[in-house]
Amino acid sequence: MKKITTINSGVIPLMRDNIDTDQIIPKQFLKNILKSGYGRNLFYDWRYKATSKEANPDFILNKPEYKQAQILVTGENFGCGSSREHAVWALKDYGFQVVIAGSYSDIFYMNSTKNGLLAIELPKKDRTILASIPAKEKIIVDLPRQQVRYEKYQFDFSINPLWKHKFINGLDDIAITMNYAKKIEAYEKEIPNFN
Amino acid sequence: MKKTMFDKIWHQHVITGEPGEPQLIYVDLQLLHEVTSPQAFEGLREKNRQVRRPDRNFATMDHNVPTVDIFNIKDLISKKQIETLAKNTKDFGIRLAGMGSKDQGIVHVIGPQLGLTQPGMVIVCGDSHTATHGAFGSIAFGIGTSEVEHVLATQTIWQTKPKTIGIHVHGKLSKGVYAKDIIMGIIAREGVSFGTGYAVEFYGDTIRNMNMEERMTLCNMVIEGGAKMGSIQPDQTTFDYIADRKYAPGNMEKAVSYWKQFYTDSPDAFDKVIDFSVNELAPFVSWGTNPGMAVPIDQPFPKIKNEEDKKAYEYVGLKAGEKANQIPIKFVFFGSCTNGRLSDLIIAAKVLKNKHIKNGITALVVPGSRKIKEKAEKIGLDKIFKEAGCEWREPGCSACLGMNPDRVPAGIHCASTSNRNFAGRQGAGSRTHLASPAMVAAAAIHGRFIDIRKEII
């Protein structure tokens, strides 16, 4: 996993609640055995016209002034529905480093911690301010200090210390867990057998 | 201190970590399928890692499989995913109910059917409807592919213990009202994220009186309310269901006496309690683009409250104030991990017997597993469905999510026994209306939803 510390980037507002993972990456793009290449189909049904499959100029990801932004600001219950990790891979592959939502589905949140996508929770009043920032402006997401900053504004966010440690150091979960191999082995010896 | 069933199972599985922090939890069983596992196996290969306990993993193919001519997969990428799972399970020594195997079926149908799903277990799968297995008194939840890889390598998973909600379900269901209506009713009332951060337990007299298949329907859809786990205390109904199944414990007596420790001491132990009476419950139909957008059959669709409602109405081509009996149904889907079990097919067949679906409707019947298909054919259900004008198909996830060729065309309203009515879920532009198997069967006959309490049952 790539390390994440401080990100200085523009913001893409997509202020809808309950954006499900079927909308983030529709099922026809799950047919892949790789982890990469999903970015071009991120938010597919919103991003491309239904019949011609051309870019929909009204959708925010297609507006030239938002092309470089790496921070998505959105509504409540982001990433609900299907457990597909492809949703996180698509956001990362597109170039997003950070999502700022009111809340997340539990599975989406766990998936984000495995892939270096920083999923931050902020209340609606803070997100409304971030969503109204002009496209050319940048904000700072400072993970070590757990702050989102823009001009006079400073929003503090909370994050579990273990996830924070993983993000900042780019650690691999399995390698961490392997340190507990002896405990796992001891546990397995105690599992009851009904045969 | 009083404990919930969830607390007891969780506590037994902690390898390391403190409460409130992410804890390392032992996983008794991981179920695998072709769509969310290839990258996990690839990850193991890249790091030269092994599967720690192949015997605690079980795989099948369901999301992608065709329901006609199963060995002739025209979609090359689907074919590749299926071949990849066959190779991965062979290379790593994992049991596979592969294409055409008598044990093949939807992963959440075959786990219980084979007796793999047992009380007191921690069960995971790269699929959000893993909540289904909680019906047996286990902790069961959906995970992402990185977590699948982690479980393969270590047989454990890092999780922060969720809080608990007890849903007290009580009263007697009217004829024509089912477990599906209970869970749809709960989500319609409480919203699609009421359970986020929580593990749900259903309890009460209504639950006690349910068979295992009804309990599975209930737990299956708890994820649509945001809770990634839903469970029910195991009882004699549970034990009787497991006994004699392929992977049931050899010594059932010993197992049952162990399983009996898993119960909630008192509802006080839950962080939150929700009360749900079913006495007056009506059959539910979803109108919009998430499972919370649903109404009782006799109630009008709600007023537009926000942008999300407005977009939903635009997408489905319906208006606030209309009723479910005005939806022009042109497609019907019986199946899925929610309602693709034998009892669901029996209920639907009972409604369809000696009747015919309305002209112009396409109706797919997709049993949840090959075993269910066999059993259904043995009691003649296939004939009832076919004589009524339905297509009797091979098992799989099928049109619940349309990853195989079974899709609902754009703009078409589909009455579906599945679990999600998201935009595009059953095919680009498809309009899904979730309901119970009996309601869907009646809709197939009439070309619109009717109140089956009054007109049929």
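Residues numbered from 1 in each chain as written. Chains lettered and ligands numbered in written order. Predicted model: local features only at pLDDT ≥ 70, side-chain atom pairs only at ≥ 80, totals over all residues. Heavy atoms only, no water.

The name recorded for chain A in UniProt is 3-isopropylmalate dehydratase small subunit, from Oenococcus oeni. Listed in UniProt under the heading Function, the comment for chain A reads: "Catalyzes the isomerization between 2-isopropylmalate and 3-isopropylmalate, via the formation of 2-isopropylmaleate." (UniProt positions renumbered as here; feature names shortened; annotations may be inferred.)

A.B. asks: Give a description of the domain arrangement of chain B that names residues and reports values.
C.D. replies: All names here are of chain B. One can read the domain layout of chain B as domain 1 (5-275) and domain 2 (284-455). Computed from C-alpha atoms alone, the centre-to-centre distance between domain 1 and domain 2 is 24 Å. Every contact between the two is made by 43 residues of domain 1 and, on the other side, 44 residues of domain 2. When the two sides are added together, the surface that domain 1 and domain 2 hide from each other amounts to roughly 3400 Å², 60% of it contributed by carbon and sulfur. One can count 1 salt bridge joining domain 1 with domain 2. The salt bridge partner of Glu224 is Arg420, with a shortest N-O separation of 3.0 Å. Secondary structure elements with two or more residues in the side of domain 1 that touches domain 2: helix H4 (107-113), helix H6 (179-190) and helix H8 (212-220). For the side of domain 1 that touches domain 2, the leading source of residues is H6, giving 6 residues. (Domains from an automatic or database assignment. Contact = heavy atoms within 4.5 Å. Buried area = accessible area lost by both parts, 1.4 Å probe. Salt bridge = Lys/Arg side-chain N within 4 Å of Asp/Glu carboxyl O. Helix = DSSP H or I, 4+ residues; strand = E, 2+ residues; numbered from the N terminus.)

A.B. asks: Residue-level account of the packing of helix H4 (residues 106-114) of chain A against helix H6 (residues 161-169) of chain A, with values.
C.D. replies: Residues and elements named next belong to chain A. At their nearest, the axes of H4 and H6 sit 9 Å apart, and the two run at 35° to each other. Each of Tyr109, Met110, Ser112, Thr113 and Lys114 in H4 lies in contact with H6, whose residues at this interface are Trp163, Lys166 and Phe167. Class assignment of the residues belonging to the contact of H4 with H6 gives a composition of 4 nonpolar, 2 polar and 2 charged. (Axes fitted to C-alpha atoms, helices over the stretch in contact; angles between N-to-C directions. Nonpolar A, V, L, I, M, F, W, Y, C, P; charged D, E, K, R; others polar.)

A.B. asks: Summarise the pairing of strand E9 (residues 163-170) of chain B; cite the residues concerned and give the values.
C.D. replies: Residues in a regular strand project their side chains so that they alternate between the two faces of the sheet. All names here are of chain B. Most of E9 sits inside the fold, with 6 of its 8 residues counted as buried. Alignment of E9 against strand E10 (residues 198-203), held across 6 bridges, turns out to be parallel. Bridge pairing in E10 links His168 to Tyr203. Chirality of the crossover, the property in question, places the unit of E9, H6 and E10 among those that are right-handed. The sheet contact formed by E9 and strand E12 (residues 272-277) spans 6 bridges and is parallel. Bridging from a neighbouring strand, Val169 pairs with Phe276 of E12. (Buried < 20%, exposed > 50% of the residue type's maximum accessible area, 1.4 Å probe, protein only. Pairing = 2+ DSSP bridges. Right-handed = clockwise from strand over helix to strand, strands pointing away.)

A.B. asks: Could you give me a rundown of the packing of aromatic side chains, with the residues and numbers involved?
C.D. replies: If you walk through the whole model with that rule in mind, you get 27 aromatic pairs over all chains. Seen in terms of ring centroids, Tyr44 of chain A and Tyr48 of chain A are 5.1 Å apart; in terms of plane orientation they differ by 45°. Their pairing is tilted. The pair formed by Tyr44 of chain A and Tyr48 of chain A is uniform in burial state, with each residue classed as buried. Grouped by ring-pair contacts, the aromatic residues Phe194 of chain A together with Phe239, Tyr258, Trp259 and Phe262 of chain B constitute a single cluster. Directly above the ring of Tyr263 of chain B sits Lys8 of chain B, whose terminal nitrogen or CZ lies 3.7 Å from the centroid. If you follow Lys272 of chain B out to its NZ or CZ, it ends over the ring of Tyr198 of chain B, 5.6 Å from the centre. (Phe/Tyr/Trp six-rings, centres within 6.5 Å; stacked < 30°, edge-to-face > 60°. Lys NZ or Arg CZ within 6 Å of the ring centre and 35° of its normal.)

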